[in-house]
Amino acid sequence: MTTVVQSGQGDRKRIPEWDIFCNPGAKYTTGVAEDLEQFIYSVFYIFDEEHEPRFTIFSKKWKESNLGLILCGRCSFRETYELTDYIFQKLKQYAKSKLDNKQNNILIRYAAIYSLYAFFFKQPCRPKVRIKLSYEEFVDLEGLIEEAKKDSHYDVLYAWSKLICCHGFQYSVVGGNYGLEVAKRLDKKEGTESLLTYSASSYLKSKDFRGVIRKLSKAHNNYTKMKESYMQTNTDNMISLTSTSEIIIEEIEEIASEELKPVTQNETIVLKGPSDIGDKRKKLKERFFGGETDSHNPGSKIAYSQKLVADTSTEDSNDQNSDTQVTTAATASGSRTAKRSRRRRKDSDDKKEKPKQKAIRGRRIKKL
């Protein structure tokens with residue numbers, strides 16, 4: 001760390017490390033990568049001294065360092081979730097066969113597997129953050145586990161098997177975060193006011209944009225030449241080859257020049273209102289991360305409690321309806337049994353009366 005130099009006027013030079021780690025506006029990931037690196041290498045040194053990567057050594061160092069407390073005291077669930085995913089991304093680099101384009105030590109890789117295992121099961125996030133792996137990364141880690149099997153390091157094998165059995169990995173085409181995951185982190189914390197205003201288009205003046213235009217122009221020229229040579233040899237009317245505009249580069253530059261019109265100082269262009277696409281994207285992202293106070297959010301606690309109340313009320317009403325149906329069915333069955341008993345009595349009475357009538361008729365015939 002640089003020392004403080006005091007000048008004759010009493011001014012002090014700022015310490016760069018102090019500005020990085022003690023700045024109130026620092027990011028939530030400040031210093032996390034350094035702590036993880038220090039912990040991984042401290043475990044590696046002990047593994048190297050003991051000549052075996054035992055999990056008891058790792059757990060002892062884990063308790064001494066209190067590294068698990070790095071996830072405590074966060075402002076929101078969103079910050080805890082993103083920090084956990086950031087930790088997994090950093091630890092995953094130490095588990096690969098190459099680190100900084102150099103061959104990685106196998107003991108460092110074992111320490112990284114133990115760290116992934118510990119952070120996955122000690123994280124406070126529910127649902128749990130999973131470790132994102134591409135196919136190439138999974139094959140690389142599978143080779144590490146095969147080496148652990150050969151060397152009879154069953155501690156490493158257990159940690160790996162436990163992560164797979166508990167669905168600790170999220171298998172993806174790429175190992176990093178793209179799409180909505182990145183867009184969520186790029187959102188400003190000011191809220192809706194920053195979404196309604198934007199300054200003059202500085203990106204259109206950047207070197208990045210000009211480089212993209214140069215690459216696009218070169219590719220478009222090559223495509224145009226190839227298309228012209230193909231259409232000369234083939235007389236068929238190819239509609240797909242004429243669908244692309246031949247002056248697409250000039251049209252893009254024209255649109256960019258319109259956006260780069262001079263604007264007075266401190267002038268901002270205000271949109272008429274929030275965009276529907278932006279609102280939908282914001283709702284999709286907030287549905288998972290921060291919907292604790294939104295009753296209309298299906299993933300929020302309030303909405304879940306309201307759903308429970310509604311379900312209990314419907315269950316009570318269903319129980320009442322079922323009780324009434326049972327009573328009506330019982331009364332109906334009772335009335336049916338009563339009718340049947342009455343019919344049986346009538347039949348028995350009729351049977352008793354018939355022989356009496358026959359006997360009376362026989363007497364009359366004898367008298368005649």
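A quick note: this is a predicted structure, and the numbers were derived from the prediction, not measured.

What counts as what
Residues numbered from 1 in each chain as written. Predicted model: local features only at pLDDT ≥ 70, side-chain atom pairs only at ≥ 80, totals over all residues. Heavy atoms only, no water. Patch = residues over 30% accessible without salt bridge, like charges linked within 9 Å, V, L, I, M, F, W, Y side chains within 5 Å. Areas by Shrake-Rupley, 256 points an atom, 1.4 Å probe, with all protein chains shown as cover. Salt bridge = Lys/Arg side-chain N within 4 Å of Asp/Glu carboxyl O. Helix = DSSP H or I, 4+ residues; strand = E, 2+ residues; numbered from the N terminus. Buried < 20%, exposed > 50% of the residue type's maximum accessible area, 1.4 Å probe, protein only. Contact = heavy atoms within 4.5 Å. Expected span 1.5 Å × (residues − 1). Phe/Tyr/Trp six-rings, centres within 6.5 Å; stacked < 30°, edge-to-face > 60°. Lys NZ or Arg CZ within 6 Å of the ring centre and 35° of its normal. Axes fitted to C-alpha atoms, helices over the stretch in contact; angles between N-to-C directions. Left-handed = near helix turned anticlockwise from the far one by under 90°. Core = buried A, V, L, I, M, F, W, Y, C linked by side-chain atoms within 4.5 Å. Lys, Arg positive; Asp, Glu negative; His and termini not counted. Charge placed at Lys NZ, Arg CZ, Asp CG, Glu CD.

Draft legend 1. Examining a nonpolar patch on the surface more closely. Residues V173, V174 and Y178 make up a contiguous nonpolar surface patch of roughly 340 Å² in combined accessible area. Inspection of the secondary structure puts V173 in the loop between β4 (169-171) and α8 (180-186). Judged by relative accessible area, V173 falls into the exposed class, the value being 74%.

Draft legend 2. Layout of the environment of I213. Within the secondary structure, I213 is located in helix α10 (residues 207-233). A relative accessible area of 6% means that I213 is categorised as buried. Between the alpha carbons of I213 and I249 there is a distance of 7.6 Å; along the sequence they are 36 residues apart. Excluding residues within four positions of it along the chain, I213 makes contact with I249, I252 and E253.

Draft legend 3. Quick peek at helix α6 (residues 135-150). With 16 residues, α6 extends 23 Å between its outermost C-alpha atoms, agreeing within 8% with the 22 Å of an ideal straight helix rising 1.5 Å per residue. Buried residues along α6 sit against α4 (77-95), α5 (106-122), β3 (131-133), α7 (154-165) and β4. Two residues or fewer past α6, S152 is found with a positive phi of approximately 60 degrees.

Draft legend 4. Summary view of the packing of aromatic side chains. Taken as a whole and judged by the stated rule, the model has 21 aromatic pairs. Relative to Y117, the ring of F55 lies with its centre 5.8 Å away and its plane at 80 degrees, an arrangement referred to as edge-to-face. On the criterion of sequence distance, the pair formed by F55 in helix α3 (residues 55-65) and Y117 in helix α5 is long-range, its members being 62 residues apart. When its relative accessible area of 28% is taken as the criterion, F55 is described as partly exposed. Residue Y117 is classed as buried on the basis of its relative accessible area of 16%. Among the aromatic residues, those joined into a ring-pair cluster are F39, F47, F55, F58, W62, Y114, Y117, F119, F120, F121 and Y158. For the cation-ring pair, K128 lies above F120, with the distance from its terminal atom to the ring centre recorded as 5.1 Å.

Draft legend 5. The packing of α6 against α7, seen in detail. In contact at an axis separation of 8 Å, α6 and α7 are set at 145 degrees when each is read in the N-to-C sense. Two packed elements cross with a definite hand, and for α6 against α7 that hand is left-handed. Contacts between α6 and α7 involve F138, L141, I145, A148 and K149 on the former and, on the latter, V156, L157 and W160.

Draft legend 6. Structural detail: the pattern of salt bridges. Counting across every chain of the model gives eight salt bridges. A salt bridge links D155 to R54; the shortest N-O distance between them is 3.0 Å. With a gap of 101 residues between them, D155 in helix α7 and R54 in the loop between α2 (32-50) and α3 connect regions that are remote in the sequence. Between E79 and R74 there is a salt bridge, with its nearest N and O atoms 3.4 Å apart. On the basis of relative accessibility, which here comes to 14%, the residue E79 falls in the buried class. One connected set of salt bridges, linked through shared partners, spans E52, R54 and D155.

Draft legend 7. Local environment of unusual backbone geometry. Of note, the amide linkage connecting R126 to P127 takes the cis form, showing an omega dihedral of 5 degrees. Structurally, the position occupied by P127 is in the loop between α5 and β3.

Draft legend 8. Looking closely at α10. For α10, with 27 residues, the first-to-last C-alpha span of 40 Å sits near the 39 Å given by 1.5 Å per residue. Buried within α10 are the following residues: F209, G211, I213, H220, T224 and K227.

Draft legend 9. Expanded view of the side chain of Q123. One can find Q123 in the loop between α5 and β3. By relative accessible area, which is 2% here, Q123 ends up buried. Setting aside residues no more than four positions away along its own chain, Q123 makes contact with L71, T84, F88, K128 and V129.

Draft legend 10. Here's a closer look at the nonpolar core. One finds F47, F58, I87, I113 and F119 to be the most contacted residues of the largest nonpolar core, which totals 49 residues. Secondary-structure elements contributing two or more residues to this core are α2, α3, α4, α5, β3, α6 and α7. A per-element tally of this core places α5 first, with 12 residues. Once you skip the residues sitting within four places of it in the chain, F47 turns out to touch E52, P53, R54, I57, F58, L107, A111 and Y114.

Draft legend 11. Spotlight on the environment of K90. If you trace the backbone, K90 turns up in helix α4. On the accessibility criterion, K90 (33% relative accessible area) is partly exposed. On a C-alpha basis, the gap between K90 and A112 in space is 9.5 Å, while along the polypeptide they are 22 residues apart. Not counting residues within four places of it along the chain, the set of residues in contact with K90 comprises A33 and L36.

Draft legend 12. A look at a negative patch on the surface. The grouping of E250, E251, E253, E254 and E258 at the surface amounts to a negative patch. Counting through the fold element by element, E251 comes out in helix α11 (residues 248-259).

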